[in-house]
Amino acid sequence: MNNSAPRVLVFDSGVGSLSIGREIHSRLPALNLLYALDSAGFPYGEWDENKLTEHICTTVMALVEQTKPDLMVLACNSASTAVLPALRQKLSIPVVGVVPAIKPAAKLSRSGVIGLLATPGTVRRPYTAQLITDFAQNCTVISVGNAELAPAIERLYWSGDQAESLYARIADTFAQHPRCNEMDTLVLACTHFPLIAGELSKHFPGVHLIDSGEAIARRVEQLLAPQTGGGHAEQRALIIGDRPFSETFRQRLQALGIEHVVRISVR
Ligand code: DGL
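Below is a short write-up of the structure. Since we're looking at a predicted model, the values are computed, not measured.

Rules behind the numbers
- Residues numbered from 1 in each chain as written.
- Predicted model: local features only at pLDDT ≥ 70, side-chain atom pairs only at ≥ 80, totals over all residues.
- Heavy atoms only, no water.
- Helix = DSSP H or I, 4+ residues; strand = E, 2+ residues; numbered from the N terminus.
- Buried < 20%, exposed > 50% of the residue type's maximum accessible area, 1.4 Å probe, protein only.
- Contact = heavy atoms within 4.5 Å.
- Near = heavy atom within 4 Å.
- Polar contact = N/O pair within 3.5 Å; in protein donor to acceptor, adjacent residues only side chain to side chain.
- Areas by Shrake-Rupley, 256 points an atom, 1.4 Å probe, with all protein chains shown as cover.
- Nonpolar A, V, L, I, M, F, W, Y, C, P; charged D, E, K, R; others polar.
- 1 Å grid on protein atoms, 1.4 Å probe; cavity = no way out; pocket = protein on both sides within 12 Å on 5 of 7 lines; lining within 4 Å.
- Points joined across faces, edges and corners; volume = space filled by probe spheres on them.
- Pairing = 2+ DSSP bridges.
- Axes fitted to C-alpha atoms, helices over the stretch in contact; angles between N-to-C directions.
- Parallel < 35°, antiparallel > 145°, perpendicular 65-115°, else oblique.
- Core = buried A, V, L, I, M, F, W, Y, C linked by side-chain atoms within 4.5 Å.

Quick notes on the side chain of T53
Topologically, T53 is positioned in helix α2 (residues 49-67). Of the residues examined, T53 reaches a relative accessible area of 18% and is grouped as buried. Look past the residues within four positions of T53 in its chain and what remains in contact with it is A82, V83 and A86.

Here we look at unusual backbone geometry
Excluding glycine, a negative phi dihedral is what most residues carry, and trans is how most peptide bonds are arranged. In this structure, the amide linkage connecting F42 to the following residue, P43, adopts the cis form with an omega of 0°. With respect to the helices, strands and loops of the structure, P43 is situated in the loop between β2 (32-38) and α2. Phi is positive for K68, close to 50°, though the residue is something other than glycine.

Quick look at the site of the ligand
Of all residues adjacent to the ligand, which total 14 residues, the nearest are S13, Y44, N77, S78 and T191. In this structure, N77 approaches the ligand through a main-chain N or O atom, which is 2.8 Å from an oxygen atom. Relative to its unbound accessible surface of 300 Å², the ligand loses 99% to contact with the protein. Broken down by class, the residue content of the shell around the ligand amounts to six nonpolar, seven polar and one charged.

Regarding the layout of surface pockets
In this structure, the largest pocket encloses a volume near 660 Å³. As for the largest pocket, its lining consists of 25 residues, of which G97, V99, S212, A215 and I216 are closest to the centre. Residue assignment for the lining of the largest pocket shows that the elements contributing at least two residues are α3 (77-90), β4 (95-97), α4 (102-108), α6 (126-135) and α10 (213-224). The element contributing the most residues to the lining of the largest pocket is α10, with seven residues. Residues belonging to the lining of the largest pocket are distributed by class as follows: 15 nonpolar, three polar and seven charged.

What about the sheet that holds strand β6 (residues 140-145)?
Strand order across the open sheet formed by four strands is β6-β5-β7-β8, with parallel pairing between neighbours. Edge strands, defined here as strands with exactly one partner in the open sheet, are β6 and β8 (208-210). For this sheet, the mean angle separating the axes of adjacent strands, direction not counted, is 20°. With three bridges joining them, strand β7 (residues 185-188) and β8 adopt parallel strand pairing. Across the sheet, residue L186 finds its bridge partner in β8, namely L209.

Looking at the packing of helix α7 (residues 149-159) against helix α11 (residues 247-255)
Axes are the key here: two packed helices are described by the angle between their axes and the distance separating the axes. The interhelical angle for the contact between α7 and α11, taken along N-to-C directions, is 95°, at an axis separation of 5 Å. The pairing of α7 with α11 is recorded here as roughly perpendicular in orientation. Of α11, the residues touching α7 (which contributes L156, Y157, W158 and S159) are T248, F249 and R252. Residue composition of the contact of α7 with α11, by class: four nonpolar, two polar and one charged.

Side note on the sheet that holds strand β1 (residues 7-12)
Working definition: the strands of a sheet are paired by backbone hydrogen bonds and lie parallel or antiparallel to each other. The six strands are arranged β4-β3-β1-β2-β9-β10 in an open sheet whose pairing can be described as parallel. One side of each edge strand has no neighbouring strand; the edge strands of this open sheet are β4 and β10 (260-263). Across the sheet, the axes of successive neighbouring strands diverge by a mean angle of 20°, strand direction being ignored. As judged from the four bridges shared by strand β9 (residues 235-240) and β10, these two strands associate in the parallel manner. Its bridge partner lying in β10, R236 is registered against H260.

Quick look at the nonpolar core
I24, V73, L117, F174 and V220 are the most contacted members of the largest nonpolar core, which totals 55 residues. Element by element, the count of residues in this core is highest for α7, at seven residues. Grouped together as the second largest cluster of nonpolar side chains are 27 residues, L9, L63, L87 and I93 included.

Some points on empty space enclosed by the protein
Scanning the entire structure with this criterion turns up two cavities of 30 Å³ or more. Quantified by volume, the largest cavity comes out at close to 120 Å³. Lining of the largest cavity is provided by 19 residues; of these, P43, G45, S78, T119 and A150 occupy positions nearest its centre. Those elements that place two or more of their residues in the lining of the largest cavity are α3 and α7. Split by residue class, the lining of the largest cavity holds nine nonpolar, eight polar and two charged. As for the second largest cavity, its lining consists of S19, I20, N77, V98, L188, C190, T191, P194, D211, S212 and G213. Here the residues of the lining of the second largest cavity are counted per class, giving five nonpolar, five polar and one charged.

And the structure:
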């Protein structure tokens, strides 16, 4: 650890924390980054909202107690759209949430037809409906909640399994909407999805894929900029749960510059 640099905890149910953390790291390499993967609680997209709130508050409070970060990022749309106010009440450090990039998508779209690809939980949250009302009222939003994609990306990162046919099926689901051929912007509203943006984009030719990663890195910079300094600091992955670490998984993390992978207990 670079002890003079701030420490940021990036928390998700799984590898979604990597897509957000890599944006933060590329903008602010001097920050110490702790990537927490709650593989014991995965997938959040299927949890009842009240139970999810309780689970995340308990888990994050224990993690914060153990790791003493200066700031935390709740790197999960399914969680942030449900639990942010409760979590902020419990913590004294700043909490940056990750929510669907509806606002920038509506600004970017020329056709006024945008897609939203998320977990079923994120698609049905009142928070997401409110984002659409507030920022995309003049747009047609084609929403698809998919429960299989985040687990498929977990398998890709832990075992190397590819899921091309699933990507094609998701594109087919969008294609059933009568205005899909006008869709020019697609919001990847689950932090797992940017990890396969390249593969997904082949199934959405000519469509601009956007996510919240860069905006989150900018927000972290605003909050911590005066303290960030120079040089490279440590990146460490903290795994909650008893899933064995595979070689594939370690290699994926190493490719992102995360050399240390440790198991952490929060109970
Ligand atoms: N990464 C989470 C998100 O942004 C979803 C994965 C899950 O269902 O746990 O919504």
